[in-house]
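Secondary and tertiary structure notes
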Amino acid sequence: MKHNLPKPYLSYSAIDSWMKSPNQFRKRYYENAPSFVTPELNFGKKIADLLENKDESLAHIKQYATPEQQVQVDIEGVPIFGYIDSFDPETNSFYEFKTGRMPWTQKKVDKHLQLDIYSLCIEEIFGSVNDECMLIWMQTEKIDEPKVGLITHEDSHGIRLTGEVTEFTRVITDEERENTRTLIARVAQEISDDYTQYLDAKSKPKGLVGF
């Protein structure tokens, strides 16, 4: 079944956005409202670039052979697209990196949908996946002004790594992947129905009942 989506594919962030707030999803994906960029997001992107380029300052962070592994696959007729932070093509294993001040916990990792989606995508693309994956959290802190230290960037608005790194291991089961498959299909249908209604309402002459 072909879905009517605002973009040619869904990503984890799009799925998560819809599940958290359909109104915010509409603003971003239907109306192309600018994304809200925070210093924390900018800093996270800088760290991702350093990891991808195997920067020596982050040599202590576990990585697999392939950084930024692209995944592009249909799940139940829904195009899914994304990038896995660190991928091992030999064992079909992956790591996900996170930065930020808010602590990650095992309970939070166990419910983090991004891991389920990536695990399912790997299985679909490569035929198998290592059930065990890892989320690596690099704690950050705010500083009054940039200083010399661990990964400090003058344009990162006073954010740096504390040096605290926590590794969380999670085992994703076949049942969880199948539940994720069902969730993707359901969310895609909800978005498709909603977007079709939005476009229909937008095409009506002004003065009629809108969306």
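Relevant structure appears above.
A few points on the structure. These figures come from a predicted structure and were not determined experimentally.

Basis of the calculations
- Position numbers for residues count from 1 along each chain, tracking the sequence in the order it is written.
- Since the coordinates come from a predicted model, pLDDT governs what is reported: local features require at least 70, and pairs of side-chain atoms require 80 or more to be given and counted, while whole-chain, interface and lining totals use all residues.
- Computation of side-chain values covers all heavy atoms of the structure but excludes hydrogens and water.
- Helix axes are fitted only over the stretch in contact, all axes being lines through C-alpha atoms; the angle between N-to-C directions runs from 0 to 180 degrees.
- The secondary structure listing takes helices from DSSP runs of H or I that are at least 4 residues long and strands from runs of E that are at least 2 residues long, numbered from the N terminus.
- When describing relative orientation, an angle under 35 degrees is termed roughly parallel and one over 145 degrees roughly antiparallel, while 65 to 115 degrees is termed roughly perpendicular and anything else oblique.
- Each helix crossing is assigned a hand: it is left-handed if the near helix lies turned anticlockwise from the far helix by less than a right angle, otherwise right-handed if that turn is clockwise.
- In what follows, residue pairs with any heavy atoms lying within 4.5 Å of each other are defined as contacts.
- Each residue is assigned to one of three groups, with Ala, Val, Leu, Ile, Met, Phe, Trp, Tyr, Cys and Pro labelled nonpolar, Asp, Glu, Lys and Arg labelled charged, and all others, Gly among them, labelled polar.
- Burial classes follow relative accessibility: with a 1.4 Å probe on protein chains only, a residue under 20% of its type's maximum area counts as buried, one over 50% as exposed, and anything between as partly exposed.
- One bridge is not enough; two strands pair if DSSP finds at least two bridges between them.
- In the sections that follow, a salt bridge refers to a side-chain nitrogen of Lys or Arg positioned within 4 Å of a carboxyl oxygen of Asp or Glu.

**Regarding the packing of helix α1 (residues 12–20) against helix α5 (residues 113–126)**
Contact geometry for α1 and α5: axes closest at 10 Å, N-to-C directions at 135°. With respect to each other, α1 and α5 are oriented oblique. Classified by chirality, the crossing of α5 by α1 is right-handed. Contacts between α1 and α5 involve Tyr12, Ile15 and Met19 from the former and Leu113, Gln114 and Ile117 from the latter. For the contact of α1 with α5, the residue count by class is five nonpolar, one polar and no charged.

**Considerations on the environment of Pro205**
Locating Pro205 in the fold gives a position in the segment after α6 (174–203). The class for Pro205 is exposed, based on a relative accessible area of 54%. Separated by 64 residues in the primary sequence, Pro205 and Glu141 have C-alpha atoms spaced 52 Å apart.

**Description of the sheet that holds strand β2 (residues 78–88)**
Across the sheet, five strands lie side by side as β1-β2-β3-β4-β5; this open sheet has mixed pairing. At either margin of the open sheet sits one strand with a lone partner, and together these are β1 (66–75) and β5 (159–171). Going from strand to strand, the sheet's axes swing by 35° on average, the running direction of each strand aside. Both β1 and β2 contribute to a ladder of nine bridges, which runs antiparallel. Across the sheet, residue Val71 finds its bridge partner in β2, namely Gly82. Lying over the sheet, α6 contacts β1, β2 and β5, oriented at roughly 140° with respect to β2.

**With respect to the packing of helix α2 (residues 22–30) against α6**
Following both chains from N to C, one finds α2 and α6 inclined at 65°, their axes separated by 12 Å at the closest point. The pairing of α2 with α6 is recorded here as roughly perpendicular in orientation. Note that α2 runs across α6; the crossing there is right-handed. Contacts from Phe25, Arg26 and Tyr30 of α2 reach α6 at Ile191, Asp194, Tyr195 and Tyr198. Class assignment of the residues belonging to the contact of α2 with α6 gives a composition of five nonpolar, no polar and two charged.

**Some details on the side chain of Asp116**
In this fold, Asp116 is placed in helix α5. For Asp116, a relative accessible area of 7% gives the class buried. If we ignore the near neighbours within four places in the chain, the residues touching Asp116 are Arg170, Ile172, Glu176 and Thr180.

**Here we look at the pattern of salt bridges**
According to the stated counting rule, one finds 14 salt bridges in the structure shown. Its salt-bridge partner being Glu123, residue Arg177 comes within 3.6 Å of it at the nearest N-O pair. Here Arg177 is found in helix α6, whereas its partner Glu123 is found in helix α5, with 54 residues between them in sequence. For Arg177, a relative accessible area of 1% translates into the label buried. Its relative accessible area of 23% is what places Glu123 among the partly exposed residues. The shortest N-O distance in the salt bridge between Arg186 and Glu190 comes to 3.0 Å. A residue pair is termed a helical-turn pair when its members lie 3 or 4 positions apart in one helix, as Arg186 and Glu190 do in helix α6 at four residues. Classification of Arg186 as partly exposed rests on a relative accessible area of 42%. Salt bridges sharing common partners tie together Glu76, Glu124, Glu178 and Arg181.

**Focus on the pairing of strand β4 (residues 132–142)**
Two strands pair when backbone bridges link them, and strand β3 (residues 93–100) and β4 are joined in this way by six bridges, in the parallel orientation. Looking at the pairing, Tyr95 lines up with Met134 of β4. As paired elements, β4 and β5 share ten bridges and run antiparallel to each other. Bridge assignment links Thr140 to a residue of β5, and that residue is Leu161.

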